[in-house]
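Residue-level listing of the chains:
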Amino acid sequence: MRVYNFSAGPAVLPEEVLQTARDEMLDWHGSGMSVMEMSHRGKEFMGIAAEAESDLRELLSIPSNYKVLFLQGGASAQFSMVPMNLVRGKKSADYINTGEWSKKAIKEAKKYCEVKIAASSEDRNFTYAPKELKLDSDAAYVHYTPNETIGGVEFNWVPETGNVPLVADMSSNILSRKIDVSKYGLIYAGAQKNIGPAGLTIVIVREDLMGETVPGTPTMFDYKIHAENDSMYNTPPTYGLYIAGLVFKWLKNMGGIEKMEAKNIEKAKILYDYLDASEFFQSPVARDDRSRMNVPFTLKDASRDEAFLKGAKAANMVQLKGHRSVGGMRASIYNAMPMEGVKTLVEYMKAFENA
Ligand SMILES: *Cc1c(COP(=O)(O)O)cnc(C)c1O
């Protein structure tokens, strides 16, 4: 029996995708092989990769002057790859600091350039998305985290950065809402939150930003090398890419990003409406900046946390424990979390509150 899995990542995948993967496990489309056993340079896998890319391009309406790269190393490798490739002789980069993931990105960037903090929400314990930005028109780029997975804070707008390229770590909200890719210089995301299995990292990068790396940049950390080789400079994470491709097809069958976004708004509303009405549960995040994907909440009486988690598990809901840096609970309700999962959680919370 499958559970409702509220994990922040690796996270729930659409059941239909897992069923297709199971059906194709031993023999992919009459090839007599599992996708895991295929040469990445064979025509079968080249086809899988090309289709995944074209479906992703269609879902996000990615303009033709952007490259899509399928890499490894997680979003964490991008914390270094971004400055290595995008500093391009400039002195500094602007970073918006909104929590745990921003902080890690900042720490890494400091190895390659001066980091200027354009805005920070640290004054209120990272519970909101700062609106006022202090931007440097000579910065190499502006980096932000549109959805802070741990704090549950999401930007509902796109920072305006003029001619300075905007870089976004969309690990936990990519494909959850409509975006205008042309507003960004670069978008990156680890796959294990809202796309597919861990091990695949997606980068969407404007072509003119590639080709000028800091001295000493390893070949594997050069976007241009990956772009010129269609992400096949070395062996890509083939199975992860195949599953991501199945997820893209699933999204297309569901009606695309707009449909998905409407569903995500509805799912988040059910949970937040209950949190706001409840005497017992609370959301720590500023109302306008609440994440649709990651919903942290606390119990008024923290001594009942363990009982809450135990009861949830008995009711078939797992991974609700909050991140150690925030405490309390966190329900991650990514694209693949069914409406029924959120409703079941809220019913359980009501029963727990009223018990
Ligand atoms: C999970 C996460 C990361 C780290 O991802 P890895 O793939 O484990 O390196 C970075 N940024 C955000 C916003 C995340 O949610």
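Residues numbered from 1 in each chain as written. Predicted model: local features only at pLDDT ≥ 70, side-chain atom pairs only at ≥ 80, totals over all residues. Heavy atoms only, no water.

### Focus: a nonpolar patch on the surface
A contiguous nonpolar surface patch, about 320 Å² in accessible area, is contributed by Met-25, Leu-26 and Met-36. Among the structural elements, Leu-26 can be located in the loop between helix H1 (15–23) and helix H2 (43–60). (Patch = residues over 30% accessible without salt bridge, like charges linked within 9 Å, V, L, I, M, F, W, Y side chains within 5 Å. Areas by Shrake-Rupley, 256 points an atom, 1.4 Å probe, with all protein chains shown as cover. Salt bridge = Lys/Arg side-chain N within 4 Å of Asp/Glu carboxyl O. Helix = DSSP H or I, 4+ residues; strand = E, 2+ residues; numbered from the N terminus.)

### Describing the pattern of salt bridges
Scanning the model with the defined rule gives 20 salt bridges in all. Put simply, Lys-90 and Asp-138 hold a salt bridge, and the shortest N to O gap is 3.0 Å. You can see Lys-90 sitting in the loop between helix H3 (74–86) and strand S3 (92–97) and its partner Asp-138 sitting in the loop between strand S4 (114–120) and strand S5 (142–144), a full 48 residues away along the chain. Residue class for Lys-90 comes out partly exposed when judged on its relative accessible area of 34%. (Buried < 20%, exposed > 50% of the residue type's maximum accessible area, 1.4 Å probe, protein only.)

### A closer look at the packing of aromatic side chains
Counted by the stated rule, this structure contains 15 aromatic pairs. A connected cluster of aromatic rings, assembled from ring pairs, spans Tyr-274, Phe-280, Phe-281, Phe-297, Phe-308, Tyr-348 and Phe-352. For Arg-124, the ring lying beneath its charged end belongs to Tyr-128, and the centroid distance is 4.0 Å. (Phe/Tyr/Trp six-rings, centres within 6.5 Å; stacked < 30°, edge-to-face > 60°. Lys NZ or Arg CZ within 6 Å of the ring centre and 35° of its normal.)

### Section: the site of the ligand
Neighbouring the ligand are 13 residues, the closest being Ser-76, Thr-149, Asp-169, Gln-192 and Lys-193. Within the side chain of Ser-76, an N or O atom sits 2.6 Å from an oxygen atom of the ligand. Between the ligand and Lys-193 there is a distance of 2.6 Å, counted from an oxygen atom to a side-chain nitrogen or oxygen. Contact with the protein chains covers 87% of the free accessible surface of the ligand, which is 390 Å². The leading source of residues in the shell around the ligand is H3, at four residues. (Near = heavy atom within 4 Å. Polar contact = N/O pair within 3.5 Å; in protein donor to acceptor, adjacent residues only side chain to side chain.)

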